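# Structural overview for review
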Amino acid sequence: MKIAITAQQARPDAEVDPRFGRAAAFIIHDSETGESTVVDNSQSTQAAHGAGLQAAERVAKTGAKVVLTGRCGPKAWDALTAAGITIVEGQAGPIPDAISAYLAGTAT
Amino acid sequence: MKIAVASGKGGTGKTTVALALAHAAEGGARLLDCDVEEPNCHLFVRPKREEVLPVTLRAPVIDQERCRLCGKCAEACEFSALAAMPTKVLTFPDLCHGCGACSFVCPSGAITETPIEIGEVRIGSAGDLRLVYGCLHVGKAQAPPVIREVMRHASRRATTIIDAPPGSSCPMVAATRRADFILLVTELTPFGLHDLGLAIDTIEPMGIPMGIVINRVPEGYTDDLALDDRAPVLLRIPESRKIAETYARGGTLLDAMPEMRPQFEELLRLATAGEASRC
């Protein structure tokens, strides 16, 4: 299963970005292979409107089934949910910790 | 003749100046209140019997049977009002500007543009003054389409005074772009002068002549040096508790200070002649 995590910098050991739509990047972690890839989101950080929806399209294209982030806006939430993606809010701290906590079932 | 009253910073006295100009215009003016997020000219004009016209925006509705999920609509939308998700294209009418690009690019004819009501235009009269104002519905974000509908009521013959919204972004541009002259009302505060500069930055490329009105001028003030030299100062309105008190009771500047009427007549003359920008 692929997990998308909002990242403050475009690297797998960055901190979780508290914002979904305007996150600097997404880390796509494949829990089967343990590999992480980076998806740039800088275009959405510059958008005047609809950043969350652009970001949702971007995440959906990666095939991710779960999003770990700080907070996700209502429009992006609707779009992600329509794509069958589960959103886990309230995440913070280093991305590897957030992934481990989620996979261990202890993410809050 | 269309004269727009704009400012940059809000609360500098646009409505005060717009009402005074409308009342000073000979033979009855047409007043267009384009501050559609919070129109207030009607509180002073108190028009009798208003005609109400709905303003709609044509937003996309997708026929999911026909949609082939190509995503061209979402790509074409400048405002992300459509999101192409893997199994469904979602629409967000709140973000739609009604341009129609999505249905134009759709190769399967899956998009129909359906009117949604975003606000209304109200038309009324008091004496020889005709007031047209827009009201954006609560919760809607698209002011420019409502402003454009109000602007359609500009008169070809009568003097038209436009009370523009504050700021220097799309709503302000929508209200001022068809004006023959723009008056910028400012106050002598850092915020007022800073935003006056932004408003001038916005108007300059439109090539519309403009002039400045300074409101709440303290007694003994003579120095206009701190002001923007790209537009001439055409009028100074004194700091006056009487104006504020009258305004708070729904009275206008000319109710409080009828002796200023000739100055507004002169302001109308200057704007009409378009001389202000050239002198």
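Residues numbered from 1 in each chain as written. Chains lettered and ligands numbered in written order. Predicted model: local features only at pLDDT ≥ 70, side-chain atom pairs only at ≥ 80, totals over all residues.

Moving on, we come to the overall build of chain B. For chain B, the count of helices and strands is ten helices and eleven strands. Along the three orthogonal principal directions, the C-alpha set of chain B runs to about 70 × 45 × 30 Å. Each of the 279 residues in chain B was classed as buried or not, and the buried ones make up 45%. For chain B, long-range pairs separated by at least 24 residues make up 72% of all intrachain contacts whose partners lie at least 6 apart in sequence. (Helix = DSSP H or I, 4+ residues; strand = E, 2+ residues; numbered from the N terminus. Buried ≥ 20, exposed ≤ 12 C-beta atoms within 10 Å, placed from the backbone. Contact = placed C-beta atoms within 7 Å.)

Here we take up the overall build of chain A. Within chain A, the regular secondary structure consists of four helices and five strands. In sequence order, the secondary structure elements of chain A are arranged as β-β-β-α-α-β-α-β-α. For chain A, the C-alpha radius of gyration of 12 Å lies close to 13 Å, the compact-globule estimate for 108 residues. Here the C-alpha coordinates of chain A stretch approximately 35 × 25 × 25 Å along the principal axes. Pairs at least 24 apart in sequence give 47% of the contacts found in chain A among residues at least 6 apart. (Rg over C-alpha atoms; globule rule 2.2 N^0.38 Å.)

This part covers unusual backbone geometry. Comment: phi is negative for the bulk of residues other than glycine, and the bulk of peptide bonds are trans. Residues and elements named next belong to chain B. In this model, Ser-80 sits at a positive phi of 55°, which is unusual for a non-glycine residue. With respect to the helices and strands, the residue Ser-80 is situated in the loop between α3 (72-76) and β4 (82-85). Of note, Arg-216 is a non-glycine position whose phi angle comes to about 55°, a positive value. Position of Arg-216 relative to the elements: it lies in strand β10 (residues 210-217).

Let us look at the interface of chain B and chain A. Interfaces are often sized by the amount of accessible area the parts lose when they come together. Taken together, the contact between chain B and chain A spans twelve residues of the former and twelve residues of the latter. Secondary-structure elements contributing two or more residues to the side of chain B that touches chain A are β4 and β5 (88-91) of chain B. Residue contributions to the side of chain B that touches chain A peak at three residues, all from β4 of chain B. For the side of chain B that touches chain A, the class distribution of residues is nine nonpolar, two polar and one charged. (Nonpolar A, V, L, I, M, F, W, Y, C, P; charged D, E, K, R; others polar.)

What follows is about the sheet that holds strand β8 (residues 160-163) of chain B. Residue and element names in this part refer to chain B. Here we have nine strands laid out as an open sheet, ordered β3-β6-β7-β2-β8-β1-β9-β10-β11, and mixed in their pairing. Of all strands in the sheet, those with a lone pairing partner are β3 (48-62) and β11 (233-238), marking the two edges. The sheet shows a mean angle of 20° between the axes of neighbouring strands, direction not considered. Note: strand β1 (residues 2-6) against β8, four bridges, orientation parallel. Its bridge partner being in β8, Ala-4 is matched across the sheet by Ile-162. Lying over the sheet, helix α1 (residues 14-24) contacts β1, β2 (30-33), β7 (129-136), β8, β9 (181-187) and β10, oriented at roughly 170° with respect to β8. Across the sheet, helix α7 (residues 190-203) lies against β1, β9 and β10, angled at about 165° from β9, the strand it touches most. (Pairing = 2+ DSSP bridges. Axes fitted to C-alpha atoms, helices over the stretch in contact; angles between N-to-C directions.)

Residue and element names in this part refer to chain A. Pairing is mixed in the open sheet, where five strands are placed in the order β3-β2-β1-β4-β5. Two strands in the sheet have a free side with no partner beyond their single neighbour: β3 (36-40) and β5 (86-88). The mean inter-strand angle of the sheet, taken between neighbouring strand axes irrespective of direction, is 25°. Pairing between strand β1 (residues 2-7) and strand β2 (residues 25-30): six bridges, direction antiparallel. The partner of Ala-4 across the bridge, within β2, is Ile-28. Helix α4 (residues 95-103) contacts β1, β2, β4 (66-68) and β5 of the sheet and is inclined by roughly 145° relative to β1.

For the rest of this paragraph, the subject is the domain arrangement of chain B. Residues and elements named next belong to chain B. Domain parsing of chain B yields domain 1 (2-55 + 119-273) and domain 2 (56-117). The C-alpha centroid of domain 2 is placed 37 Å from the C-alpha centroid of domain 1. Of the residues assigned to the side of domain 1 that touches domain 2, the class counts are four nonpolar, two polar and no charged. (Domains from an automatic or database assignment.)

Another aspect to go through is the environment of Ile-85 of chain A. Its place among the elements puts Ile-85 of chain A in the loop between α3 (74-82) and β5. Placed 19 residues apart in sequence, Ile-85 of chain A and Val-66 of chain A show a C-alpha to C-alpha distance of 5.4 Å.

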